[in-house]
Amino acid sequence: MARLVQDIQDLPGAARVGEDLAEKVRALNTRFKHHSATSVMEGALSDAGNVALVSSFGAESVVLLHMAAVIDPMVPVLFVDTELLFTETLVYQQEVSERLGLRNIRVIKADDIAEKDPYGALRFSDTDACCSLRKTIPLQKALAGYEGWITGRKRFQSGTRAALDFFEVEDGTGRIKVNPLAHWAPEDVRAYMDENRLPRHPLVAKGYPSIGCAPCTSPVKEGEDPRAGRWRNQNKEECGIHVVDGKFIRTGA
Ligand code: SF4
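The rules behind the values
- Position labels on residues start from 1 in each chain and follow its written sequence.
- At least 70 in pLDDT is required for a residue's local features to be given in this predicted model, at least 80 for side-chain atom pairs to be given and counted, and no such filter applies to totals for whole chains, interfaces and linings, which use all residues.
- Here the side-chain values reflect all heavy atoms present in the structure, with hydrogen atoms and water set aside.
- Nearness is defined per residue: one heavy atom within 4 Å of the molecule or strand is enough.
- In this description a helix means any DSSP run of H or I spanning at least four residues, a strand means any run of E spanning at least two, and both kinds are numbered starting from the N terminus.
- All amino acids are sorted into three groups, where Ala, Val, Leu, Ile, Met, Phe, Trp, Tyr, Cys and Pro are nonpolar, Asp, Glu, Lys and Arg are charged, and the leftover types, Gly among them, are polar.
- Salt bridges are counted wherever a side-chain nitrogen of Lys or Arg sits within 4 Å of a carboxyl oxygen of Asp or Glu.
- Summary of the burial criterion: residues with accessible area below 20% of their type's maximum are buried, those above 50% are exposed, and those between are partly exposed, where the area comes from a 1.4 Å probe applied to protein chains only.
- Any two strands with at least two DSSP bridges between them are considered paired.
- A fitted line through C-alpha atoms represents every axis, and for helices the fit uses only the stretch in contact; the resulting angles, taken between N-to-C directions, go from 0 to 180 degrees.
- Contacts between residues were defined by any pair of non-hydrogen atoms, one from each residue, lying within 4.5 Å.
- For this analysis, a ring pair means two rings from Phe, Tyr or Trp (six-membered ring only for Trp) whose centres lie within 6.5 Å, classed as stacked if their planes differ by under 30 degrees, edge-to-face if by over 60, and tilted for the remaining angles.

With that out of the way, let us pick up the site of the ligand. With respect to spatial proximity, the complete set of residues near the ligand consists of Leu-84, Arg-123, Thr-127, Cys-130, Cys-131, Arg-134, Lys-135, Cys-213, Cys-216 and Trp-231. It is helix 8 (residues 127-143) that provides the largest number of residues to the shell around the ligand, a total of five residues. Looking at side-chain class alone, the shell around the ligand contains six nonpolar, one polar and three charged residues.

It is worth spelling out the pattern of salt bridges at this point. One pass over the full model with this rule turns up eight salt bridges. Residue Asp-81 is joined to Lys-109 by a salt bridge in which the shortest nitrogen-to-oxygen separation is 3.7 Å. Pair noted here: Asp-81 is in the loop between strand 2 (77-80) and helix 5 (87-100) and Lys-109 is in the loop between strand 3 (105-108) and helix 6 (113-116), with a separation of 28 residues, a long-range link. Owing to a relative accessible area of 9%, Asp-81 belongs among the buried residues under this scheme. Overall, the relative accessible area of 45% leaves Lys-109 in the partly exposed class. We note a salt bridge from Arg-175 to Glu-170, for which the minimum N-O separation is 3.1 Å. Side by side, Arg-175 and Glu-170 carry an identical accessibility label, which is buried.

On to the sheet that holds strand 6 (residues 176-178), then. Taken in spatial order, the six strands line up as 3-2-1-4-6-5 in an open sheet, and their pairing is mixed. In this open sheet, the two strands that pair with only one neighbour each are strand 3 and strand 5 (167-169). Across the sheet, the mean angle from the axis of one strand to that of its neighbour is 30 degrees, orientation sign disregarded. The pairing of strand 2 with strand 3 spans four bridges and is classified as parallel. Of the residues in strand 3, the one forming a bridge with Phe-79 is Val-107. Of the strands in this sheet, strand 5 and strand 6 touch helix 2 (residues 19-31), which is tilted by about 170 degrees from strand 5.

Turning our eyes to something else, we now look at the packing of aromatic side chains. Applying the stated rule across the entire model yields four aromatic pairs. An angle of 80 degrees between the planes, with centres 5.3 Å apart, marks the rings of Phe-57 and Phe-79 as edge-to-face. Of this pair, Phe-57 sits in the loop between strand 1 (51-54) and helix 4 (61-71) while Phe-79 sits in strand 2, and the two are 22 residues apart along the sequence. Each member of the pair Phe-57 and Phe-79 is classed as buried. Ring centres 5.6 Å apart and planes at 75 degrees place the aromatic pair Phe-86 and Tyr-208 in the edge-to-face group. Taken as a pair, Phe-86 in the loop between strand 2 and helix 5 and Tyr-208 in the loop between helix 9 (186-195) and strand 7 (241-244) lie far apart in primary sequence, 122 residues in all.

And the structure:
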């Protein structure tokens, strides 16, 4: 089994951010090209503590959470609570964590919401700034010290993810993002859930195939893109905006 963390540690120290890291990611994608999602997960978690799993406990999150729990229940799971999530998501997070036996859940919250968005109105004037305040900056702070992180993103989810690979360089941070489910289709997700009898997020049955914050998520109609209910009628597909060296960087988180 390839050892992702060892691969990362083999990188020339000062040159981790840049072309060397990009080359290493290309090599990892080539090496794992024909491997399963579970193999990629095992590779990423072979040295747990340096790699975290980031989970929204959304519609399909339980797949990666289950894979992680089977491999190592102590894997750090970072859950960003924006304080604008559905109550169903908060309950689901607790139920799933308990049922899967995940023992290292870390709930991440911004510590400056009271100061910068006391009435929760920022989303009306600037959704990117709201996502940055409530999601991306707290997540980036929480990821400090990790070599990489695991996401549940998949190619089929939207146009911006159509070329997603197992491994990618995270812009401006020197970390690797791991996407074990990048090549999965919706039926793969459903099959895994069925085979392992995993609990569904309760909002899926109510027409929410993709679930984020309550004010920015709406049900989708049959035939619509699964993510059509996220920031509906806005020119926005991802929440991943953060500041690196004074610039806004889109990460697709
Ligand atoms: S999804 Fe909406 S409410 Fe949640 S952080 Fe982004 S803009 Fe704010």
